[in-house]
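# Notes for the structure review
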Amino acid sequence: MVTQQITQKKAYKTEKTKPPRQLATEKYRSMNHWFWSGLTRYPGLMFISITFLIINAVISILPGVLLGLGIDVLKTEGYGRNFIIIVVLIISAALIGWLTSFLSGYLWGIASYRFERDIREEFFDVVQEHSMAFHDEHDSGILLSMAMNETNQIRFAYHPSIRQVVSSFLSILLTTSYFFIRIPIGSEFIGVGNWPIGLMITFGFSLYIFLAWVYARRVGPIRRELATELGNVSSASQETFRGIEVVRSFDNEKTEEMKFTQVSLRLADKIRKEGYLSSFYWPALIMVLFTAASFGIGLWFVLQDNGLMSVGQLSSMLTLLIQLVILNFMLPIRLLAIQAGRINARRIWDVMTFKDPLIEPVKSKKLDWSRPLVFQNVSFSYPGKEKLVLKDVSFTIPPGSRVALLGGPGSGKSTILKLLLRLYDPTSGAIFLGDTNLREVSTFDVRKDVTLVEQDIFLFGASFKDNIAFSKPEASMEEIKTAARRAQIDKFIESTPKGYDTIIGERGVTLSGGQRQRIAIARALLAEPKLLLLDDSTSAVDIKTEIRLRLAMEELIKGRTSIIVTQRLSTLVDSDLILFLDKGRVIDLGTHEELLERCSEYQFMLSLLPRGKELINKKKESRVKTPKGG
Amino acid sequence: MGHGGGAGRMIGRIADRKKVTRPTPVLLKALSKYLKGFVGLLVLAAFLSLAYSATQILNPIILSNGIDAIDPSLGKVIVWFGVTLSERTIIIIYTLFYVLLGSFGFILNSLTTRLLSKVRADMVHKIRKDVYNKLINASMDYLKKEQSGNITARITSDTDEVSTGLQVFISIAVQLFLLVTTLVVILIRLPWQIVLICLASIPFALLLSFVLSTIGRRIVLGIRQTFGIVSGKIAESFAGIAVSKAFNQEGNLSSQMRVLNQENYKMSKKFGLMMNIMMPLISSISSIVTAAILWMGGYLASISIGQIFLGTILAAQFLRPVAHLSLSFPQLQTSLGAVDRVLDVLEASPSIPDAPDAEPLGNDYSVSFEHVWFSYDNENWVLKDITFQVEEGEMVALVGETGAGKTTLASMLLTRFYDIQKGSIKIGAQDIKKIAQKSLRKAIGLIPQEPYLFTATVLENIKYGKADATDEEVYTICKMIGADTFIEALPNGYQTVVREGGKQLSAGQRQIITIARTMLADPKILILDEATSRLDAYSESLVQVAQRTLFKKRTTFVIAHRLSTIFDANKIIVLSHGELVEMGSHEELIRKKGLYADIYETYYKFQGLEEIDVEKVLEEEEEEEVELSPLAMMEMGMLDPEKIKKMVAEGKISPAMLEQLKKKMAQKKAKTPID
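Residues numbered from 1 in each chain as written. Chains lettered and ligands numbered in written order. Predicted model: local features only at pLDDT ≥ 70, side-chain atom pairs only at ≥ 80, totals over all residues.

## Remarks on the overall build of chain A
From N to C terminus, chain A includes 23 helices and 13 strands. Taking 25 Å as the expected radius of gyration for a compact globule of 630 residues, we find that chain A reaches 37 Å, considerably beyond that expectation. Here chain A holds 630 residues, and the buried ones make up 49% of them. Here the analysis covers contacts within chain A between residues at least 6 apart in sequence; of these, 77% occur between residues at least 24 apart. (Helix = DSSP H or I, 4+ residues; strand = E, 2+ residues; numbered from the N terminus. Rg over C-alpha atoms; globule rule 2.2 N^0.38 Å. Buried ≥ 20, exposed ≤ 12 C-beta atoms within 10 Å, placed from the backbone. Contact = placed C-beta atoms within 7 Å.)

## Describing the packing of helix 3 (residues 43–76) of chain A against helix 10 (residues 250–300) of chain B
Between helix 3 of chain A and helix 10 of chain B, the shortest axis-to-axis distance is 10 Å and the interhelical angle comes to 0°. Comparing their axes, helix 10 of chain B and helix 3 of chain A come out roughly parallel. In this structure, helix 3 of chain A uses Ser60, Pro63, Leu67, Gly70 and Leu74 of chain A to contact helix 10 of chain B, whose residues at the interface are Ser283, Ser287, Thr290, Leu294 and Gly298 of chain B. Residue composition of the contact of helix 3 of chain A with helix 10 of chain B, by class: four nonpolar, six polar and no charged. (Axes fitted to C-alpha atoms, helices over the stretch in contact; angles between N-to-C directions. Parallel < 35°, antiparallel > 145°, perpendicular 65-115°, else oblique. Nonpolar A, V, L, I, M, F, W, Y, C, P; charged D, E, K, R; others polar.)

## Describing the environment of tryptophan 349 of chain A
Residue and element names in this part refer to chain A. If you trace the backbone, tryptophan 349 turns up in helix 12 (residues 331–352). In this structure the C-alpha to C-alpha distance between tryptophan 349 and leucine 103, which are 246 residues apart in sequence, comes to 32 Å. Every residue in contact with tryptophan 349, bar those within four places of it in the chain, is listed here: Met31 and Trp34.

## Quick look at helix 11 (residues 311–327) of chain A
Compared with the 24 Å implied by 1.5 Å per residue over 17 residues, the 24 Å span of helix 11 of chain A between its first and last C-alpha is a close match. Of all 17 residues that make up helix 11 of chain A, 15 are buried, and the element is covered over most of its length. (Expected span 1.5 Å × (residues − 1).)

## Details of the interface of chain B and chain A
On the chain A side, the residues contacting the 150 residues of chain B number 155 residues. When residues in the side of chain B that touches chain A are grouped by element, the largest group, 31 residues, is from helix 10 of chain B. Each residue belonging to the side of chain B that touches chain A can be placed in one class, and the counts come to 69 nonpolar, 54 polar and 27 charged. One ladder, built from two bridges, connects strand 9 (residues 509–510) of chain A with strand 13 (residues 627–628) of chain B; its direction is antiparallel. (Pairing = 2+ DSSP bridges.)

## With respect to the confidence of the model for chain B
All names here are of chain B. In the predicted model, chain B carries a mean pLDDT of 82, and the fraction of residues at 70 or more is 89%. Mean pLDDT across the elements of chain B bottoms out in helix 22 (residues 614–619) (55) and peaks in helix 14 (residues 458–462) (93). Long-range and interchain partners of residues 1–5, a stretch whose pLDDT sits below 50, account for 10 contacts in this model, where long-range means more than four residues apart. Every residue in residues 607–611 scores below 50 in pLDDT, and together they form 12 contacts with partners more than four places removed in sequence or on other chains. Overall fold confidence for the complex sits at a pTM of 0.84, while the interface term, ipTM, reaches 0.85. (pLDDT = per-residue confidence, 0-100.)

## Describing the nonpolar core
In terms of nonpolar packing, the biggest core is built from 206 residues, with Leu398 and Ala516 of chain B touching the most fellow members. Of the residues forming this core, the biggest block, 12 residues, is contributed by helix 4 (residues 87–136) of chain B. Setting aside anything within four residues of it in sequence, one finds leucine 398 of chain B in contact with Lys406, Leu409, Ala410, Phe557, Val558, Ile559, Ile573 and Leu575 of chain B. Counting residues in each nonpolar core, the second largest holds 141 residues, with Leu62, Ala216 and Leu314 of chain A together with Ile308 of chain B among its members. (Core = buried A, V, L, I, M, F, W, Y, C linked by C-beta atoms within 7 Å.)

## Some details on the pairing of strand 6 (residues 428–433) of chain A
Residue and element names in this part refer to chain A. Examined bridge by bridge, strand 3 (residues 373–380) and strand 6 share five bridges and lie antiparallel to one another. Across the sheet, residue glutamine 376 finds its bridge partner in strand 6, namely alanine 430. Looking at chain direction, strand 6 and strand 7 (residues 436–437) are connected through two bridges and run antiparallel. Residue pairing across strands places phenylalanine 432 opposite asparagine 437, the latter belonging to strand 7.

## Here we look at the sheet that holds strand 12 (residues 577–582) of chain A
Residues and elements named next belong to chain A. Judged by pairing direction, the sheet is mixed, and its six strands sit side by side in the order 8-10-11-5-12-13 without closing on themselves. Every interior strand has two partners, whereas the edge strands, strand 8 (450–453) and strand 13 (585–590), have only one. Between one strand and the next, the sheet's axes are offset by a mean angle of 15°, whatever the strand orientation. Where strand 12 lies against strand 13, five bridges are found, and the strand directions are antiparallel.

## A closer look at the sheet that holds strand 12 (residues 579–584) of chain B
Residues and elements named next belong to chain B. Taken in spatial order, the six strands make up an open sheet running 8-9-10-5-11-12, and their pairing is mixed. Edge positions in the sheet fall to strand 8 (444–447) and strand 12, since each of these pairs with one other strand and no more. Across the sheet, the mean angle separating the axes of adjacent strands is 15° when strand polarity is ignored. Direction of pairing for strand 9 (residues 525–529) relative to strand 10 (residues 555–559): parallel, over a ladder of five bridges. From the neighbouring strand, leucine 526 faces strand 10, where its bridge partner is threonine 556. Along the sheet, helix 12 (residues 406–413) makes contact with strand 5 (395–399), strand 8, strand 9, strand 10 and strand 11 (571–576), crossing strand 9 at roughly 140°.

## Re the pairing of strand 6 (residues 422–427) of chain B
Residues and elements named next belong to chain B. As paired strands, strand 3 (residues 367–375) and strand 6 are joined by five bridges and run antiparallel to one another. Within strand 6, the residue paired with serine 368 across the bridge is lysine 426. Across two bridges, the pairing between strand 6 and strand 7 (residues 430–431) is antiparallel. Across the sheet, the residue bridging to isoleucine 427 is glutamine 430, located in strand 7. Connecting the antiparallel pair strand 6 and strand 7 is a turn made up of two residues, with glycine 428 showing a positive phi of about 60°.

## With respect to the domain arrangement of chain A
Examined at the domain level, chain A breaks down into domain 1 (24–126 + 138–352) and domain 2 (373–456 + 527–629). One C-alpha centre belongs to domain 1 of chain A, the other to domain 2 of chain A; they are set 63 Å apart. (Domains from an automatic or database assignment.)

## A short note on the packing of helix 9 (residues 253–279) of chain A against helix 4 of chain B
Contact geometry of helix 9 of chain A with helix 4 of chain B gives a least axis separation of 8 Å together with a crossing angle of 170°. Comparing the axis directions of helix 9 of chain A and helix 4 of chain B gives the class roughly antiparallel. When the axes of helix 9 of chain A and helix 4 of chain B are compared, the crossing they make is right-handed. Each residue belonging to the contact of helix 9 of chain A with helix 4 of chain B can be placed in one class, and the counts come to nine nonpolar, nine polar and 11 charged. (Left-handed = near helix turned anticlockwise from the far one by under 90°.)

Right, here's the structure in full:
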């Protein structure tokens, strides 16, 4: 739970229509389009950054080049004005280098951090927009890790990785060109201007880059396996220690130890493998080889003393090559990071482009709640599964009626509620309100009119006020208080230290089950639903809670169609209709009296409920009496 | 040394630095126990790295010598073994020498990485296994005080950190060696002025490390905090996704998340600012040093070109170890902190061992408590002088307000998760302290309040207490307690994998599965700790019927929350504030008109239902009690250490909460939150 209180931002009214918001999956064509959009989202920042990056690449090879020039000047002219100028130039290059590097890196960083921020929000929005079919089959822990860590990895691919790789390539390019050019400066020259050496260097660097790429391709997969195994170790221990009482009471410590040893060994194996695969970074050897080659050939040229190469140029050449080794020390890590970022982007993109079985209508039809609600041959199985949890269910609910939904575990009660909220669509058959098929109404419009109070109440780690107003963020304090009063929770809230601003949960008050239920009822009251769905399968424990709860429920049910999952005798007796389900089928539909009369399963069910037997006996007695009277 | 790292990660590790409670020698000694098996490999690795760094120093010397060798102005003649070498031969020799040395260095470095990864893999596994085994056999007391998240951190990141620390240690040795030898080479081969220039760069490196480990650390902690807040918000939103969908509030949550995410972005931007100012400084300073050396070379005139070249290369090589070293030491501290925490675990008290004369449990399953006193912390008595006797096959109901000691009595003491301080608990004629725990746990079946399911199939979860059970047995039990209908309705029936502790199941369904699990294990003594509290009335009655048939003649303890359960009991024990206040049958206790009669009136009677005078009950309405969470109480200054102790003992503060409280307390004490 979030431990922060948030000033609620009313970015838009959630009142009547769904706010327009273009999702990333609509905006970008493919994973690649999405991943590389980081370069174009903040074009100004990126452009300036790249400009400085190029300037910086040129400037950062200057000290090495100038060093050679200085040496040559020193040799030919001795210590003098020109020599001092060169020294000053090197220092200036160092300072400008620092400035350009800072500007380039910082601007690039801002753009990348923004990119990270944006894609995290995009992912969150898309995932929230996915239907429950998606959320049922995806582990929320993994989704969270995608939203946080994997977006972070993608940013890491950008900042610093892509920038540094570009910078590495630039410096390789510039160093290579040093071997081709030959610019006269006074009596000296900058650049080697020797094609054979240049071509050799070009070939060397091509090989270098190729091998670095091969290395990243080879090491990348094993790094990912390593991460998976580490995750396994972590979840294995998490599991055991969260359930330590169970482990211990069944005396299963040894079994768990063995299981853990297995997982830990697999991880150790991967660590070793990764070490073996990544230890030999062959490109480093290539660098050694052609530094040596340039050294030998350079020495040879200098020795010829025919103007092909000066000692200064030789020094420059070697300095540049050594500098490259240092610069490119991080290259393999950066390549790996870009690769990892793209793989994460692929995973996230796949999750974002989940093929949702729930399809929103292009144009949403209006709902008329003065018409009856009809289930027409509805069958349902959870998406991707074959097992039917509702089988050919048909019934009609007249508007404004109070319906009790009764059935054992696994009978399909909660599925009916979920279908009515359009969290899912029926697999076959249809739900109608009057003539309108629920499929033709957007989920937004359905949920605007239908409200569910669940059995396991979920409250946010926010204030009473925010929790109640969750269903209507723009509600006035007056409205919130009225809802709380009608839900029988106002006095309790007012008795807490900060009243409506008191936080629920770890940082504030701990609530009993009955209190949570009443908050949920207040929340539902504010939503002013046309159809109320209430799951009330377990009853509260003490009498006062029970009474308060019943009064609150009475307020909520008043004046609207309601469907209540219940095993409470009073509710059953009071309802207009009882829908009795078993194993996904409707067994019977009628009033309490009718069912008691004709349905043997209903009688059996009642006999198992508290005080149920008495009721049945009473009925039997009255039945014995009736013939006398009639 | 491998290809890992990066300054960001270094700062991250520095930010992890925590107070160490043991002196360093103790920590190193403890660590050496694990190093034993790897001494050979480690010495070899260290030796290879030293040899590698030697090649790194020799390389520029070769280059510099080569340059000087062909300089005619120096007029040097090189004589090897009495033979004057031609300049051409010299070039070939130097080049070959460079290639050999470079390749040799490459092989040395790669081998070291390889060796160390083997050491790392084996050692981490060894430590990890030890830590895990220690923890799984640690006392319940210890495990309850630590959150499961913390325990996992001990097993995963802390053990990892120990091995990382080892690598940092080796790298420090290597860097120091590199530093010293570079200095020696410079001293020998170059004039003292150049030595001074090299040394002048040290303050810059120190400044760098100072900034990174102070400001950098603060920013990293800030990033983590904001990151954690965003993460919490997203986690909560995903957990409550059905609610936000039901109320059309996805957009609203998005806006809230955006506000928090922006904070995280701002922090990251600060980090970017700092890093991009500091990191390019290294190469700029090294260029400035190059300029200075070049100038000095020209100024002194007596210095050769090879020497200038050597000076510039070595100066650059000099700067890095200094920067590296200054960041390595704080990192080493982080690792020592991890060793410290791992030692905490390894020295944690183990669970209660079997007495030397322990015997397996006999065939008499009557239970007696004789003057039992118990406290979790030796200060606050949770149970005071409890005495009662339960015959074999009897069912006992425990009744009393929250915190009266019901769970402690049944779930914690009879199972011997904890030992009592005074008195004795006997099963048959055997004191449970003298019973082999394996046979005790086999005999006792506990269904706890909070159902806990493992990430495995429903079938495997039910078989957890009896691995050799057939599938048929499982189906029979499930049919009996009415679990089969909903399990079969699950997407893959009994083969459905329970994920995230059972998010696809309702609380009641989770509870039924744990009931099936215990019933399958077929214990002789059954403890039901509000085991059916989340079931609907219909399912509960099915479970009760099954319990009556399966456990008819078994000794059973029930912590009851419903009237029907109490009616079944042979004996009712009423607890209040840790004392046994009443005991007897339902009728006896009602007649007595004591505490039980009171509780019965307010809690249980209405479940029989209907004809309650609502007006009358509401008239005598009293205020509902506000129960503040410990954190809120602390913020209002309502908590002192005494009170915390008491609440921990009463089970009102969870280990997770205790952790947070401690953190908050520490923050309050130190006025500035960080540093």
